[in-house]
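So the chains spell out like this:
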Amino acid sequence: MSTTMPTSRQRSLRTWAFWAVPVLLLLTPLATNAYTQFIVNGMLISILVTLGFTLVIGNLGQLAFANTAFFGIGAYASAILSAKLGLPWIMTIPLAGALGALGGFLASSAALRGIRSYYLAIITLAFGELMRWAYLHTKPLTGGTDGLPLPRETMFGISLSDDTLKFYIFLAVTAVLVKATLNLLRSRFGRAVMAVRENEVATASLAIPTARVILTTFIWSGFLVGCAGALFARHVGHVFPESFGMLHLIASFAMVLVGGLGSVLGAVLGAVVLTALPEYLRAFPGMEELFFGLIVAAVLVAMPMGLASLLRRLSPIFVERYYREES
Amino acid sequence: MNKLTTFLTAATLVAAPALAQDDAWETQGLSDGAITIGVMGPFSGNASSYSKALIGMMAYYDKVNEEGGVHGRKLVAVQEDTACDSAKGLAAAKKLISQDEVFMLQGNSCSGVALALRPTIEEAGLPWIVAHAVSDSISDPLAGNIFHGVPTGSANGHAMAAFVLSKPDTKNVAIIEHSNDWAHSYSNPARDYLREQGVEPTAELTMERGQTDATAQVLKLRQNKPDFIIAALYEAETAIFLRDLKKYGMGDIPVMGTAGTDLENTLKRTGDFETVQNYYVIHSYVDNLDGEKMKPWADMIHGYYPDEELSTFSFVSIGSAEALVSALEAVGPDLTRSKLIAALEEVRDFDTGILSDPITWTPEDHQGVKGSAVAGFVDGEPTVLKAWGQPY
């Protein structure tokens, strides 16, 4: 057994450590103001977006860029269900996730037809642009270029414009979905996902239904990012088509790479670091993009496996293993 | 009596912290020597060229400061980037309000961002003067602390239609536009105004963005023979449309364009004076950009920003900055946020000397600029017009 493999005690410690993080984070509002709380809330949304993205391109190994489409679908679904149908926003989160999952199903249809690599990339990019066109040109539903504001709402007598209340909701949703994704990846299904990435033909020869694996991964990715879209809709209170364009896709891709491709921990680190970084760079108006680009390039050159690799070197507790340990 | 005294004392003790908090809020961002003003704009990203819209305002602050400030207080701008993105804009607003604790806000290009900011700023209650973004929904319905210091989309649309109808015997008006909300923000108020005046547009055509030929639209218009055409098109498509109008012998029909196009830029794009000689655009200023009345403002900007290349945007925020300073002066040295809001609501027919129309803010209406002038070529020279044939 390799010395880097965690023991069962370490596994148990890892589970405790996982839940300890959101529990400790409950104290965050004591140390934040409205601005910093808003940024922290944005990090939680980015974690789900990055996680959904890395699942498809990192774990499943499919060069698919429909992530921003799922995000937009989730955000608009939440806004439309709240503003047009009067549903409480909290109820729109799973529904937005379901519609994001439907988007994942549609995006996977190209992969299921054997389209791979750059062709899949272009098709999924086109899917994203098609969705953006739809947001722009279905004005009665989406508000067109004016966007769609979410109605003001209260929960437990507190306005949902309150960043602290939003934080607790976002934290709960993010923690549950990250844990669910970790469990999924550690299951037999998760191992099948990575087997497809390594060699799809060999995986199929082991009687693993690769089509179902690909389909399910896209659907779960769509669900995660759709839920993130619903959180984003409430986060900004007003959804616009511009929020779901190429820039968002590039930023999400950078989060995946900086954190570490195919790593849940990397998704979290990439999202946190690259959401916070532009805020630190606010002090350099006009130079932000330059600094941002340089920092991202420096991280990738120094750590090709992303920030997660740095933590893995520090402790085996951060090693992500998705296969059964030898007894 | 004793009981009443005890009750009043107790009530005072209970209310004191809350009142002190209110007092602190009222004067947040103020010191004996400075008034901090949060200035948000797109300083990075695709729309960063709009940040030029804040230059005039910043230069005006500098000028006021050089002259001693307002009641001894300097106007200190704290700039934050919105990148024309709603999430980044919200972060900027929250930083300015809760971390930098500015006294008030002024600025903002990008209507989408301003719309996303509205609930947060309305809830925060500090004064906000919108100095560039034009969407009507930013300040309508009325929010007690939000003031619009430039002509809104509807004001521009009305101004376009009013100019069209000011041409004698204009009965047959056609509209050509892009199928997006930007175009509709001009064309719909123009339609409303025409209908109010009993004029129904006789042709309503669409020209999509990126279209490189307008033959089909022009041939339809030829059958229609309009007296005037309202064109809610971006500059590139405007140049193509005007070129094709001339090509089919309709270059003598006047065309009314939006504030999104510039007269001289359109001339540069077409490269032919005859093509644009009957083209008119919304122009919010009292003179041409290089005219005598604009020269002091241009000199002011260059005094503080020598490298600034002046464009239409460079001047747009000066008028609202002047109105702000006037209101600050009216309040006096004992400044609070509530007093400033009250003073802004007292601004009536304020002649900025740069905007073509005055600023009026009332408690019922915070959209301060209700009209706009028009620019067109008269005797071959770009001229600012009040109405057809009437120089400003």
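Each value, and the rule that gives it
- Residues numbered from 1 in each chain as written.
- Chains lettered and ligands numbered in written order.
- Predicted model: local features only at pLDDT ≥ 70, side-chain atom pairs only at ≥ 80, totals over all residues.
- Contact = placed C-beta atoms within 7 Å.
- Helix = DSSP H or I, 4+ residues; strand = E, 2+ residues; numbered from the N terminus.
- Nonpolar A, V, L, I, M, F, W, Y, C, P; charged D, E, K, R; others polar.
- Core = buried A, V, L, I, M, F, W, Y, C linked by C-beta atoms within 7 Å.
- Buried ≥ 20, exposed ≤ 12 C-beta atoms within 10 Å, placed from the backbone.
- Domains from an automatic or database assignment.
- pLDDT = per-residue confidence, 0-100.
- Pairing = 2+ DSSP bridges.
- Axes fitted to C-alpha atoms, helices over the stretch in contact; angles between N-to-C directions.

**With respect to the interface of chain A and chain B**
Right, on to step 1. Each partner contributes residues to the interface: chain A has 23 residues there, and chain B has 22 residues.
Right, on to step 2. When residues of the side of chain A that touches chain B are traced back to their parent elements, those giving at least two are helix 2 (34-59) and helix 13 (288-302) of chain A.
Right, on to step 3. Among the elements that take part in the side of chain A that touches chain B, helix 2 of chain A stands out by supplying five residues, more than any other.
Right, on to step 4. Considering only residue class, the side of chain A that touches chain B consists of seven nonpolar, ten polar and six charged.

**Let's talk about the nonpolar core**
Right, on to step 1. The biggest cluster of nonpolar side chains holds 202 residues, and the ones touching the most others in it are L48(A), C227(A), A228(A), M160(B) and I230(B).
Right, on to step 2. Each of two domains, domain 1 (34-152 + 292-370) and domain 2 (155-286 + 374-391) of chain B, supplies a minimum of three residues to this core.
Right, on to step 3. Not counting residues up to four positions away in its chain, the partners in contact with L48(A) are T174(A), L177(A), L224(A), V225(A), C227(A) and A228(A).

**Things to note about the domain arrangement of chain B**
Residues and elements named next belong to chain B.
Right, on to step 1. Segmenting chain B into domains produces domain 1 (34-152 + 292-370) and domain 2 (155-286 + 374-391).
Right, on to step 2. In this structure, domain 1 and domain 2 have C-alpha centres spaced 30 Å apart.
Right, on to step 3. The interface is formed by 13 residues belonging to domain 1 together with six residues belonging to domain 2.
Right, on to step 4. Taken together, the residues of the side of domain 1 that touches domain 2 sort by class into eight nonpolar, three polar and two charged.

**What about the environment of G210(B)?**
All names here are of chain B.
Right, on to step 1. By secondary structure assignment, the location of G210 is in the loop between strand 7 (203-206) and helix 7 (215-224).
Right, on to step 2. Residue classification places G210 among the exposed positions, given that 9 C-beta atoms sit within 10 Å.
Right, on to step 3. With 140 residues separating them in the primary sequence, G210 and F350 have C-alpha atoms 41 Å apart.

**What to know about the confidence of the model for chain B**
All names here are of chain B.
Right, on to step 1. Per-residue pLDDT for chain B has a mean of 91; in total, 94% of the residues score no lower than 70.
Right, on to step 2. Per-element confidence in chain B ranges from a low mean pLDDT of 62 for helix 1 (residues 2-26) to a high of 98 for helix 13 (residues 337-344).
Right, on to step 3. Listed scores for the predicted complex are pTM 0.86 and ipTM 0.86.

**Focus: the pairing of strand 5 (residues 146-151) of chain B**
All names here are of chain B.
Right, on to step 1. With six of six residues buried, strand 5 lies mostly within the body of the structure.
Right, on to step 2. Here three bridges tie strand 4 (residues 128-130) to strand 5, and the two strands are oriented parallel to one another. Note on strand 5: the bridge partner recorded for I129 is F147.
Right, on to step 3. Sheet topology places strand 5 next to strand 11 (residues 367-369); two bridges connect them, and they run parallel. Each bridged residue has a counterpart across the sheet, and for P151 the counterpart in strand 11 is V369.

**Looking at the environment of L81(A)**
All names here are of chain A.
Right, on to step 1. Looking at the secondary structure, you find L81 in helix 3 (residues 67-83).
Right, on to step 2. A tally of 22 C-beta atoms within 10 Å means that L81 is categorised as buried.
Right, on to step 3. Taking C-alpha positions, L81 is 9.3 Å from L150, a pair spaced 69 residues apart along the chain.
Right, on to step 4. If we skip the residues at most four places from it in the chain, L81 touches L87, T92 and L95.

**As for the environment of A134(A)**
Right, on to step 1. If you trace the backbone, A134(A) turns up in helix 5 (residues 117-137).
Right, on to step 2. The spatial distance from the C-alpha of A134(A) to the C-alpha of P241(A) is 9.0 Å, given a sequence separation of 107 residues.

**Observations regarding the sheet that holds strand 11 of chain B**
All names here are of chain B.
Right, on to step 1. In spatial order, the strands read 2-1-3-4-5-11; together these six strands make up an open sheet with parallel pairing. A strand with exactly one partner marks an edge of an open sheet, and here the two such strands are strand 2 (74-81) and strand 11. The sheet shows a mean angle of 25 degrees between the axes of neighbouring strands, taken without regard to direction.
Right, on to step 2. Sheet topology places strand 1 (residues 34-41) next to strand 2; eight bridges connect them, and they run parallel. Within strand 2, the position partnered with G38 by the bridge is V78.

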